[in-house]
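Residue-level listing of the chains:
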Amino acid sequence: MCGIIGYVGARPAEEILLAGLRKLEYRGYDSAGLSVLADGTIRAVRAVGNLDHLEAALAQEDALVPPATIGIAHTRWATHGAVSEQNAHPLCDAEGRIHVVVNGIVENYVGLRDRLTAAGATFSSQTDAEVIAQLIASEYDGDLAATVQHALGQLDGFFAFVAMALDEPDVLVGARRECPLVIGRGTDESFVASAVPAFLAHTRSTQLIENGEIVVLRAGEVEIRDANGAPVERELLEITWDADTAEKGGYETFMLKEIHDQADALAETINDRTVRRDGVDLAEECFDESLLEGIERVVFVACGTAYHAGLMGRYAIEEWAELPVEVDVASEYRYRNPLVGPRDLVVGISQSGETADTLGAMRVARERGARVVALTNVMGSQATRECDGVLYTRAGLEIGVAATKTFVAQLAVVYLLALRLAELRGTLSAERRAELVAALRRLPQNVEELLDGLDEQVDQISQWCWQANFFLYIGRHAGVPIALEGALKLKEISYISTDAYAAGEMKHGPIAMLDEHTPVVAVATTSPVLTKVVNNIQEVAARGAKVIAMTTAGDHTVDAHVKATVPVPASDPMLEPLLAVIPLQLLAYKIAMRRGLNPDQPRNLAKTVTVE
Ligand code: G6P
């Protein structure tokens, strides 16, 4: 997740780019930078930290005279390479002739970098983005558009970028594959950016860029070309949103936007770790896979939603890698006498990487000699500094207090870890691993399919249950963490009392709570114990409770016993629960909205809990 913007026109570019970056800062603020071009000179300024740091850095250097009227800019949310000025964008070739800003990941950047290095290129950053700049520079012959087009064909992954060349001072070229990039059309000026708010102050007239297309921008002139270089006609869209809605990508709240961002979060987290057909690769600069060798147990410590991801880790690791797993809430673990040592891999899961109790639990484990890994969404967070290795989720900045896209990304990482351990320990055949890798790689598409029409479907359900004052959530096996998470979402943002139970425990207490007014949410996706879940649903229905079941598409086992079903696309039984959490997030959301509450800012809660 990063924000990019390009401008070419008649007005001073720097101010327009900076103001645009301000509107994109929600996409990341590890570092920022811009390159502007005037009179045969490129002024490139980059700074670690948020935009205030970039503005301070700009103020220290002489501006170009006359001021540049073309340039590109970036605000970074680090994925490849540490948070440093060297890795900040724009990145350029060694001679500084081609500058680029990039959002996304180039999956084959190592191979390309080796090839370019063998041909004499020297690299100054650890980023995949620099590979794009160097690749374009190595093939550049005075036609930036044609060179970008050719370079695009050599890049694997999902990204969007904008390039500028010293030798062509009137043109910017953008390219898009999966990551967002939109055009802004002004009179005598043109914009290209990750999102509309970046240029909304200047124009409401936009054009979309489709996957695989490039766009050639000049002042007031825009040409879109398809993958073969043929010109494409694209209609103009007039943006009618107000500025506030625009920042939320057209959604009414950040939470809803983030629910809809989940396919991207999964793609970013999974894709470049599953390039091999029958295995997962977790090795990165911040993670040495030798940490996984010879371990005898995995321990997950976490708080809140992250704890639920740890619970899922237990099911996946025990089943696939046949390793014992312990899971504990960090605030308990740190004050127990945890029996832990060098053969234990302790994984602290924390979206923010700053939760006091999770850090406390990681410290206790480290003092006792365990190998400690941080599983987090935030580069440079405290957790990443107090561990032996980091596994990142790449969900992008999450603004809604209730975690949504970071949770599914955490689930993805625990699945990846389980699969890697299974391979290292020889517990799954290559064929089974290949099946699971394929299923993981399909998840983003599964999420897209699921989200199509889901808003209305869940809204209809919320219509009859939003006034209930108690909800029970049940599931078994990998459905249990999802039942717990669904219940947590509802209580967090709707302030409705909820309970979540392993369905088999129902007869030991919670069933006493049920009457015809109680909605019961059941996770009833494919599982080795689905028939048992069905029995539990029948028991609940017999007490008059109204069941809302998350099922697997095509399976109608529970239909006769429930008031509503929400089918999720078929996947592996271990992965379907990840899909099932999405309707549960939306259900909580719809109920909160019907109750007139603001889901982005629930009462009494904070996004990051830095005190115990
Ligand atoms: C708070 C947030 C939750 C989050 C939990 C753990 O309670 O509201 O959404 O799950 O902290 O936060 P972490 O950053 O460690 O994942």
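Coordinates for the structure precede this section.
This structure is a prediction, so every number in the text was calculated from the model and none was measured.

Draft legend 1. Representation of the packing of helix H14 (residues 430–451) against helix H18 (residues 576–594) in the model. Running from N to C, H14 and H18 cross one another at 30°; their axes reach a closest spacing of 10 Å. Considered as vectors, H14 and H18 are oriented roughly parallel to each other. In the packing of H14 onto H18, the handedness of the crossing is right-handed. Contacts from Leu443, Asn446, Val447, Leu450 and Leu451 of H14 reach H18 at Leu578, Leu579, Ile582 and Pro583. Of the residues assigned to the contact of H14 with H18, the class counts are 8 nonpolar, 1 polar and no charged.

Draft legend 2. Main features of the pairing of strand E22 (residues 497–502). Bridge count between strand E21 (residues 470–475) and E22: 6 bridges; the pairing is parallel. The partner of Leu472 across the bridge, within E22, is Asp499. Between E21 and its parallel partner E22, the chain crosses via helix H16 (residues 479–494), and the hand of that crossover is right-handed.

Draft legend 3. Molecular detail of the side chain of Ser190. As for its placement among the helices and strands, Ser190 is situated in strand E10 (residues 190–193). For Ser190, a relative accessible area of 1% corresponds to the buried category. At 3.1 Å, the side chain of Ser190 and the backbone nitrogen of Gly220 are in polar contact. A polar contact is formed between the side chain of Ser190 and the backbone nitrogen of Glu221, at a distance of 3.5 Å. Excluding residues within four positions of it along the chain, Ser190 makes contact with Gly6, Tyr7, Val8, Gly184, Leu217, Arg218, Ala219, Gly220, Glu221 and Val222.

Draft legend 4. Region of the structure containing the sheet that holds strand E3 (residues 41–48). Strand order in the open sheet formed by 8 strands is E3-E2-E4-E1-E10-E9-E11-E15, with antiparallel pairing between adjacent strands. Sheet topology places E3 and strand E15 (237–238) at the edges, where each strand pairs with a single neighbour. The sheet strands contacting helix H2 (residues 51–60) are strand E2 (31–38) and E3, and the helix crosses E3 at an angle near 135°.

Draft legend 5. Expanded view of the layout of surface pockets. Size it by volume and the largest pocket reaches roughly 1,200 Å³. Forming the walls of the largest pocket are 44 residues, and the residues nearest its centre are Arg176, Glu178, Pro180, Asp261 and Asp264. Those elements that place two or more of their residues in the lining of the largest pocket are strand E11 (205–208), helix H7 (254–260), helix H8 (262–270) and H14. Taken domain by domain, the lining of the largest pocket gets at least three of its residues from each of domain 1 (3–246) and domain 2 (254–449).

Draft legend 6. Examining the packing of aromatic side chains more closely. For the structure on display, the rule yields 5 aromatic pairs. Relative to Phe191, the ring of Tyr7 has its centre 5.2 Å away and its plane inclined at 55°; by these criteria the two rings are tilted. Highlighted residues: Tyr7 in strand E1 (residues 3–8) and Phe191 in strand E10, separated in sequence by 184 residues. According to the relative accessible area criterion, Tyr7 is buried, its value standing at 0%. Here Phe191 falls in the buried class, since its relative accessible area comes to 0%. Where Trp320 meets Tyr415, the ring centres are 6.0 Å apart and the plane angle is 40°; that geometry is what we call tilted. Here the residue Trp320 occupies a position in helix H9 (residues 304–321), and Tyr415 occupies one in helix H13 (residues 405–425), the gap between them amounting to 95 residues. The pair formed by Trp320 and Tyr415 is uniform in burial state, with each residue classed as buried. An aromatic cluster is present here, built from Tyr7, Phe191 and Phe199 joined pairwise through their rings.

Draft legend 7. View of the environment of Val45. Examined against the element boundaries, Val45 turns out to sit in strand E3. Among the residues examined, Val45 registers a relative accessible area of 2% and is labelled buried. Linking Val45 and Ser138, residues 93 residues apart in sequence, is a C-alpha distance of 23 Å. For Val45, the contacting residues outside a window of four places in its chain are Ala32, Gly33, Leu34, Leu54, Ala57, Leu58 and Glu61.

Draft legend 8. Spatial organisation of the pairing of strand E16 (residues 297–302). Most of E16 is tucked away: 6 of the 6 residues are buried. Residues Arg297, Val299 and Val301 line one face of E16 and the alternating positions Val298, Phe300 and Ala302 line the opposite face, and both faces are buried. By the bridge criterion, 6 bridges tie E16 to strand E18 (residues 344–350) in an arrangement that is parallel. Bridging across to E18, Val301 finds its partner in Gly348. Of the pairings in the sheet, the one linking E16 to strand E17 (residues 325–329) comprises 5 bridges and is parallel in character. Opposite Val301, over in E17, you have Asp328 as the bridge partner. Handedness of the crossover is the feature at issue here: the chain leaves E16, passes through H9, returns alongside E17, and the resulting connection is right-handed.

Draft legend 9. Looking closely at a negative patch on the surface. Together, Glu178, Asp264, Glu448, Glu449, Asp452 and Glu456 make up a negatively charged patch on the protein surface. Of note, Glu456 is situated in helix H15 (residues 454–465). We classify Glu456 as exposed; its relative accessible area is 51%.

Draft legend 10. Layout of the site of the ligand. In the region of the ligand, 13 residues are neighbours, and Ser350, Gln351, Ser352, Thr355 and Ala606 sit closest. Here an oxygen atom of the ligand sits 3.0 Å away from a polar atom, N or O, in the main chain of Thr305. Ser350 is positioned with one of its side-chain polar atoms (N or O) 2.5 Å from an oxygen atom of the ligand. Relative to its unbound accessible area of 390 Å², the ligand is 91% covered by the protein chains. Looking at which element gives the most residues to the shell around the ligand, the answer is H9, with 3 residues. Considering only residue class, the shell around the ligand consists of 6 nonpolar, 6 polar and 1 charged.

Rules used in this analysis
Residues numbered from 1 in each chain as written. Predicted model: local features only at pLDDT ≥ 70, side-chain atom pairs only at ≥ 80, totals over all residues. Heavy atoms only, no water. Axes fitted to C-alpha atoms, helices over the stretch in contact; angles between N-to-C directions. Helix = DSSP H or I, 4+ residues; strand = E, 2+ residues; numbered from the N terminus. Parallel < 35°, antiparallel > 145°, perpendicular 65-115°, else oblique. Left-handed = near helix turned anticlockwise from the far one by under 90°. Contact = heavy atoms within 4.5 Å. Nonpolar A, V, L, I, M, F, W, Y, C, P; charged D, E, K, R; others polar. Pairing = 2+ DSSP bridges. Right-handed = clockwise from strand over helix to strand, strands pointing away. Buried < 20%, exposed > 50% of the residue type's maximum accessible area, 1.4 Å probe, protein only. Polar contact = N/O pair within 3.5 Å; in protein donor to acceptor, adjacent residues only side chain to side chain. 1 Å grid on protein atoms, 1.4 Å probe; cavity = no way out; pocket = protein on both sides within 12 Å on 5 of 7 lines; lining within 4 Å. Points joined across faces, edges and corners; volume = space filled by probe spheres on them. Domains from an automatic or database assignment. Phe/Tyr/Trp six-rings, centres within 6.5 Å; stacked < 30°, edge-to-face > 60°. Patch = residues over 30% accessible without salt bridge, like charges linked within 9 Å, V, L, I, M, F, W, Y side chains within 5 Å. Areas by Shrake-Rupley, 256 points an atom, 1.4 Å probe, with all protein chains shown as cover. Salt bridge = Lys/Arg side-chain N within 4 Å of Asp/Glu carboxyl O. Lys, Arg positive; Asp, Glu negative; His and termini not counted. Charge placed at Lys NZ, Arg CZ, Asp CG, Glu CD. Near = heavy atom within 4 Å.

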